[in-house]
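# Descriptive structure summary
Each chain, written out:
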Amino acid sequence: MAKDPFMERSEKLLEAFDFADALAEQEQQHEVEMRSLLLSCLEVMDSFDRFFAHVEAVSEPILEQRCNWLNTFRLIRRQLELALQKAGVTPIPCIGDLVDAEIHEIVEVKETEAVDDEVIIEEVRRGYEW
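If you're wondering where the values come from, they're calculated on a predicted model, not measured in any experiment.

Quick look at the overall build of the protein now. For the protein, the helix and strand inventory stands at 2 helices and 2 strands. Shown N-terminal to C-terminal, the secondary structure of the protein runs as helices and strands in the order α-α-β-β. A compact globule built from 130 residues should have a C-alpha radius of gyration of about 14 Å, whereas the protein, at 26 Å, is more than 25% larger. Along the first, second and third principal axes, the C-alpha atoms of the protein reach 90 × 50 × 15 Å. For the protein, restricting intrachain contacts to residue pairs at least 6 apart in sequence, the fraction spanning at least 24 positions comes to 56%. Summing over all exposed atoms, the protein offers an accessible surface of approximately 11700 Å²; the carbon and sulfur share of this is 56%. For the protein, the distance from the average site of its 13 positive side-chain charges to the average site of its 30 negative ones is 7 Å.

Moving on, we get to the packing of helix α1 (residues 5-56) against helix α2 (residues 63-86). Close contact between α1 and α2 brings their axes to 9 Å; oriented N to C, the two are set at 175°. On the basis of their axis angle, the class for α1 and α2 is roughly antiparallel. Within the contact between the two elements, α1 uses S36, L37, S40, E43, V44, S47, F48, F51, F52, H54 and V55 and α2 uses W69, T72, F73, I76, Q79, L80, A83, L84 and K86. Broken down by class, the residue content of the contact of α1 with α2 amounts to 12 nonpolar, 6 polar and 2 charged.

One pass over the structure, following the stated rule, counts 3 aromatic pairs. Linked through ring pairs, F48, F51, W69 and F73 together constitute an aromatic cluster.

Conventions and cut-offs
Residues numbered from 1 in each chain as written. Predicted model: local features only at pLDDT ≥ 70, side-chain atom pairs only at ≥ 80, totals over all residues. Heavy atoms only, no water. Helix = DSSP H or I, 4+ residues; strand = E, 2+ residues; numbered from the N terminus. Rg over C-alpha atoms; globule rule 2.2 N^0.38 Å. Contact = heavy atoms within 4.5 Å. Areas by Shrake-Rupley, 256 points an atom, 1.4 Å probe, with all protein chains shown as cover. Lys, Arg positive; Asp, Glu negative; His and termini not counted. Charge placed at Lys NZ, Arg CZ, Asp CG, Glu CD. Axes fitted to C-alpha atoms, helices over the stretch in contact; angles between N-to-C directions. Parallel < 35°, antiparallel > 145°, perpendicular 65-115°, else oblique. Nonpolar A, V, L, I, M, F, W, Y, C, P; charged D, E, K, R; others polar. Phe/Tyr/Trp six-rings, centres within 6.5 Å; stacked < 30°, edge-to-face > 60°.

Structure (structure tokens):
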């Protein structure tokens, strides 16, 4: 028995509608995630603004103030790191690993007797996964 052309067309339209609906839901979820990430980044920007407003008020920083500033920078960096982690961005560890051309970009080769060839001994710029 042959399929009714009207039924075939109806099934195709329903499939297309389901696909479009799933795509719209996926885009909406992406928008929510991006909004969350942007708000986290804005918090980091606000932290930097507060820090620089405080620093500009000091004419000659003493050693203790410089140490406090370094600690503030470390805290703001940690704040940014947590925001990125929350968004699913994670650093790719590489020191001590074998070179993988799919992941690593070699910028310099150094001869050393301490480790085998093709082992990463230094990181010039950290890579990330998302």
